[in-house]
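Each chain is listed here by its residues.
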Amino acid sequence: MKRKLFAALIPGLLILSVPALAQQGFFVKPLAEKKVTELPPGDLFWRIDTFESKEQAQAAAGSLGLVAEYDGKVWLFTLGRGGESTMGGMKVAEIGPVPRIAAQEYLLRVNEAGGPKGSATAAHTHPGSEAFYVLKGELSQKTPHGVARLTAGQSMVGHGTDTPMVVSNSGSEDLREFALFVVDASKPFSSPAPLP
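Residues numbered from 1 in each chain as written. Predicted model: local features only at pLDDT ≥ 70, side-chain atom pairs only at ≥ 80, totals over all residues. Heavy atoms only, no water.

A few points about the nonpolar core
- Membership of the largest hydrophobic core comes to 26 residues, with the highest contact counts inside it found for Trp-46, Phe-77, Leu-108 and Leu-180.
- The set of elements that each furnish at least two residues to this core consists of β3 (27-36), β4 (44-51), β5 (65-70), β6 (73-80), β7 (90-98), β8 (106-115), β10 (128-136) and β15 (175-184).
- Other than its neighbours up to four places away in sequence, Leu-180 contacts Trp-46, Ile-48, Phe-77, Ile-95, Arg-109, Val-110, Ser-129, Glu-130, Ala-131 and Tyr-133.
- In this structure, Leu-139, Leu-150, Met-156 and Val-167 belong to the second largest nonpolar core, which totals 10 residues. (Core = buried A, V, L, I, M, F, W, Y, C linked by side-chain atoms within 4.5 Å. Buried < 20%, exposed > 50% of the residue type's maximum accessible area, 1.4 Å probe, protein only. Helix = DSSP H or I, 4+ residues; strand = E, 2+ residues; numbered from the N terminus. Contact = heavy atoms within 4.5 Å.)

Observations regarding the packing of aromatic side chains
- Under the definition given, this model contains five aromatic pairs.
- Ring centres 5.4 Å apart and planes at 70° place the aromatic pair Tyr-70 and Phe-178 in the edge-to-face group. A residue pair is termed long-range when its members are at least 10 positions apart, and Tyr-70 in strand β5 and Phe-178 in strand β15 qualify at 108 residues.
- Tyr-70 sits in the buried class, given a relative accessible area of 14%.
- Taking the centre distance of 6.3 Å and the plane angle of 15° together, the rings of Trp-75 and Phe-77 count as stacked. (Phe/Tyr/Trp six-rings, centres within 6.5 Å; stacked < 30°, edge-to-face > 60°.)

Looking at the sheet that holds strand β14 (residues 166-169)
- With antiparallel pairing, three strands are arranged side by side in an open sheet as β12-β11-β14. The open sheet has two free edges, formed respectively by β12 (146-151) and β14, since each of these has just one partner strand. In this sheet, adjacent strand axes meet at a mean angle of 20° when their direction is disregarded.
- Both strand β11 (residues 138-143) and β12 contribute to a ladder of six bridges, which runs antiparallel. When the sheet's bridge partners are listed, Ser-140 is paired in β12 with Arg-149. (Pairing = 2+ DSSP bridges. Axes fitted to C-alpha atoms, helices over the stretch in contact; angles between N-to-C directions.)

Considerations on the pattern of salt bridges
- This model, assessed by the stated rule, comprises eight salt bridges.
- Connected through shared salt-bridge partners, Arg-47, Asp-49, Arg-81 and Glu-84 make up one network. (Salt bridge = Lys/Arg side-chain N within 4 Å of Asp/Glu carboxyl O.)

Comments concerning unusual backbone geometry
- Here the residue pair Gly-96 and Pro-97 is connected by a cis peptide bond, since its omega of 0° sits within 30 degrees of zero.
- Structurally, the position occupied by Pro-97 is in strand β7.
- In this structure, Asp-162 takes a positive phi of about 60° despite not being glycine.
- Structurally, the position occupied by Asp-162 is in the loop between β13 (155-157) and β14.
- Its relative accessible area of 44% is what places Asp-162 among the partly exposed residues.

Structural notes on the side chain of Arg-109
- Looking at the element boundaries, Arg-109 is found in strand β8.
- Within the structure, the side chain of Arg-109 is placed 2.7 Å from the side chain of Glu-33, a separation counted as a polar contact.
- In this structure, Arg-109 is in contact with Pro-30, Ala-32, Glu-33, Leu-66, Ala-179, Leu-180, Phe-181 and Phe-189, ignoring residues within four places of it in sequence. (Polar contact = N/O pair within 3.5 Å; in protein donor to acceptor, adjacent residues only side chain to side chain.)

Given below as C-alpha cells:
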C-alpha cells in the first residue's frame with residue numbers, strides 16, 4: 001500500500017490524512033556527529049556508555065566516540081570492536097555487528113528520535129548502516145525484509161545500505177530511541193524511497 005499525503009481545504013480548515021498526521025508527530029534530532037576517514041578493522045559494534053560528567057566522557061571518547069547530553073545524563077557512543085569496554089563508563093548496550101560500508105569519508109551520527117503513539121517516519125533510506133537503542137516505548141521498523149519490534153532497553157542492527165524503511169511508534173506510550181549511523185559522508189544522509 002502506498003502512503004500519500006492528502007489534504008483538503010474546507011473554508012478555513014485544513015484536513016490531513018492519517019499517514020500525514022503520523023509523520024508530523026515523529027521527530028528526529030541529531031545529538032552528535034563527526035566525520036572520519038577510517039574505520040577500525042574487523043566487525044564493527046556501537047557501544048553505549050553513560051558517564052558522571054561530560055569531561056569524563058570526552059576524555060574517554062577517542063577518535064570514534066561521540067559525546068551527547070540527553071535526559072539529564074552524559075552519553076558516550078563509540079564505534080569499535082565487540083567486547084571492548086570504556087574506562088570510567090557505565091555500559092548500557094553493545095550493538096552489532098554493524099554492516100560495514102566502503103567510503104572515502106564516513107559520517108558517524110547519533111540521532112534522538114520518537115514521537116507519540118502511531119507516529120511514523122516517511123519511507124526513506126540511508127547511505128550506510130543504522131542501529132537502534134530504545135529508551136522508552138516500542139519501536140517498529142518496517143523494511144522489505146519484514147517488521148522488527150523493540151521495547152525499552154532493547155537494541156538491534158538495521159539492514160544495510162539503501163534499505164527502504166519506515167520507523168514508527170507501535171506502542172501505547174511515547175517512543176524515545178537513539179539511532180546510530182555509519183554512512184557515506186559524500187551522499188545525502190537520508191533519501192525518500194518507495195517501500196513495497
